[in-house]
Amino acid sequence: MCQCSLTCHDLSLWHLEPWRFVTTRWQYPSRRHYSYVCYRITVALFFFVWTIIDMATYGPGPKSRWMIHITNWSKLLMLIEVLLQASLTAHFQLWKLRRRPPGTPAVHQVSFNPLLRFFYAAEWLFTSVSGVFAIVTVFVSFLANNGGAFGTARYFTGLLYVIADHLLHNQPKHMLHVFYALFLHVLYIVFEAVYVLAGGTTPSGSSVIDGLDWSRPETAGYVSLSVVLVLAAHGGLWLLARLRELLYSCVSADHAIKLPLTGGADSQQALAPPYGATRHDPEGGNISPAPEVSMDNINPNIQPGA
């Protein structure tokens, strides 16, 4: 019988290796990465100021209408994600690594309480969703022609950040997490349809929001295309995470994942990957740690094939 390799674990946001959400893929396991903390704080400040300015200059009309645009949903999701990234990374790199017990050089031996793991799960959720929405936002900017070439260039800023960040951070990427982005995308479509049918308009008095005119039949085609784009965007980011692992193995030979497929005495000769990385799936899809073999338990009198 054919068995699907995707399980409920791939849909879960509770990961067994929480340190992966607050470290960079290129970080040594026994060192604090101050430059990564500075990067996270700088990005968070940039998106915070950008969002505040965008909300302050929105109008004319009530500022509450700022939330009727999917482009602004994307900005808000991105802001929450970078704030979580910055705060959790600074807490881990500057506090937990400094307070780890003596003799524990690897970050995967640092303890994490359930509340902290909950925030890591929230970070994982917003990272997955905001990345997809950043790609969808570029599509919407072309469709609506918001602000011309300058407006489109603004939305490319978020897209470039998502691409660069996926190559830098150490977060896992699960294909089934696309359902979270799909749910939020469908939720926005329903919200916009209800808003327009109820007589809602933009600050300029138009019922066309982000290029969607619900009075025209071709709008259904645009909506269907956006759903397909969500699937393609998440798949592209998943491939980007795979590319990150490939680059890591090629560039850093000393840190490449070289765990044996079977246990035994030869496993002591293998190089253990940093952060306690697991076999079979560098993105953490299937937790399968390498077996630990003690040389003291091997009987030298046992001959091969005995």
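Rules used in this analysis
Residues numbered from 1 in each chain as written. Predicted model: local features only at pLDDT ≥ 70, side-chain atom pairs only at ≥ 80, totals over all residues. Heavy atoms only, no water. Patch = residues over 30% accessible without salt bridge, like charges linked within 9 Å, V, L, I, M, F, W, Y side chains within 5 Å. Areas by Shrake-Rupley, 256 points an atom, 1.4 Å probe, with all protein chains shown as cover. Salt bridge = Lys/Arg side-chain N within 4 Å of Asp/Glu carboxyl O. Helix = DSSP H or I, 4+ residues; strand = E, 2+ residues; numbered from the N terminus. UniProt positions renumbered as here; feature names shortened; annotations may be inferred. Phe/Tyr/Trp six-rings, centres within 6.5 Å; stacked < 30°, edge-to-face > 60°. Buried < 20%, exposed > 50% of the residue type's maximum accessible area, 1.4 Å probe, protein only. Lys NZ or Arg CZ within 6 Å of the ring centre and 35° of its normal. Polar contact = N/O pair within 3.5 Å; in protein donor to acceptor, adjacent residues only side chain to side chain. Contact = heavy atoms within 4.5 Å. pLDDT = per-residue confidence, 0-100.

Within an unreviewed UniProt entry, the label attached to the chain reads Protein rolling stone, and the organism entered is Amphibalanus amphitrite.

Colleague: Any chance you could explain a nonpolar patch on the surface here in plain terms?
Modeller: A grouping of Phe48, Val49, Ile52, Ile53, Met55 and Leu83 is seen on the molecular surface, where their side chains present a nonpolar patch of about 510 Å² in accessible area. Here the nonpolar patch takes five residues from helix 1 (residues 34-56), the largest share from any one element. Along the chain, Leu83 falls in helix 2 (residues 70-96).

Colleague: Which parts of the structure should I look at to understand the UniProt feature "transmembrane region" (unreviewed entry) in the chain?
Modeller: As recorded in UniProt, the feature "transmembrane region" (unreviewed entry) lies at residues 34-53, 118-143, 180-200 and 220-240. With 100% helix and 0% strand, the stretch residues 34-53 has end C-alpha atoms that lie 29 Å from each other. This span, residues 220-240, is 100% helix and 0% strand, and a straight line between its end C-alpha atoms measures 30 Å.

Colleague: Can you help me understand the packing of aromatic side chains in this one?
Modeller: How two aromatic rings sit relative to each other is set out by the distance from centre to centre and by the angle between their planes. Counted by the stated rule, this structure contains 13 aromatic pairs. For the pair Phe21 and Trp124, a centre-to-centre distance of 5.0 Å together with 55° between the ring planes defines the contact as tilted. Of the two residues, Phe21 is situated in the segment before helix 1 and Trp124 in helix 3 (residues 114-144); the sequence distance between them amounts to 103 residues. Trp124 gets classed as buried once you look at its relative accessible area, which sits at 1%. Aromatic rings pair up to connect Phe46, Phe47, Trp50 and Tyr161 into one cluster. Over the ring of Tyr248 we find Arg25; its NZ or CZ atom is 3.8 Å from the centre of that ring.

Colleague: Before we go on, may I ask you to explain the side chain of His234 in this structure?
Modeller: Along the polypeptide, His234 turns up in helix 6 (residues 219-251). There is a polar contact of 3.4 Å between the side chain of His234 and the backbone oxygen of Met175. Apart from the residues lying within four places of it in its own chain, the contact partners of His234 are Val132, Lys173, His174, Met175, His177 and Val178.

Colleague: Explain the confidence of the model for the chain to me, please; I cannot follow it from the model alone.
Modeller: With 70% of its residues at a pLDDT of 70 or more, the chain shows a mean pLDDT of 76. Across the chain, element-level confidence peaks in helix 1 with a mean pLDDT of 93 and bottoms out in helix 4 (residues 148-168) with 81. Under a pLDDT of 50 for its full length, residues 255-298 has, in the predicted model, 86 contacts with residues more than four places off or in other chains. Predicted confidence is poor over residues 302-306, with pLDDT under 50, and the contacts of this stretch with residues over four places away or in other chains come to zero contacts.

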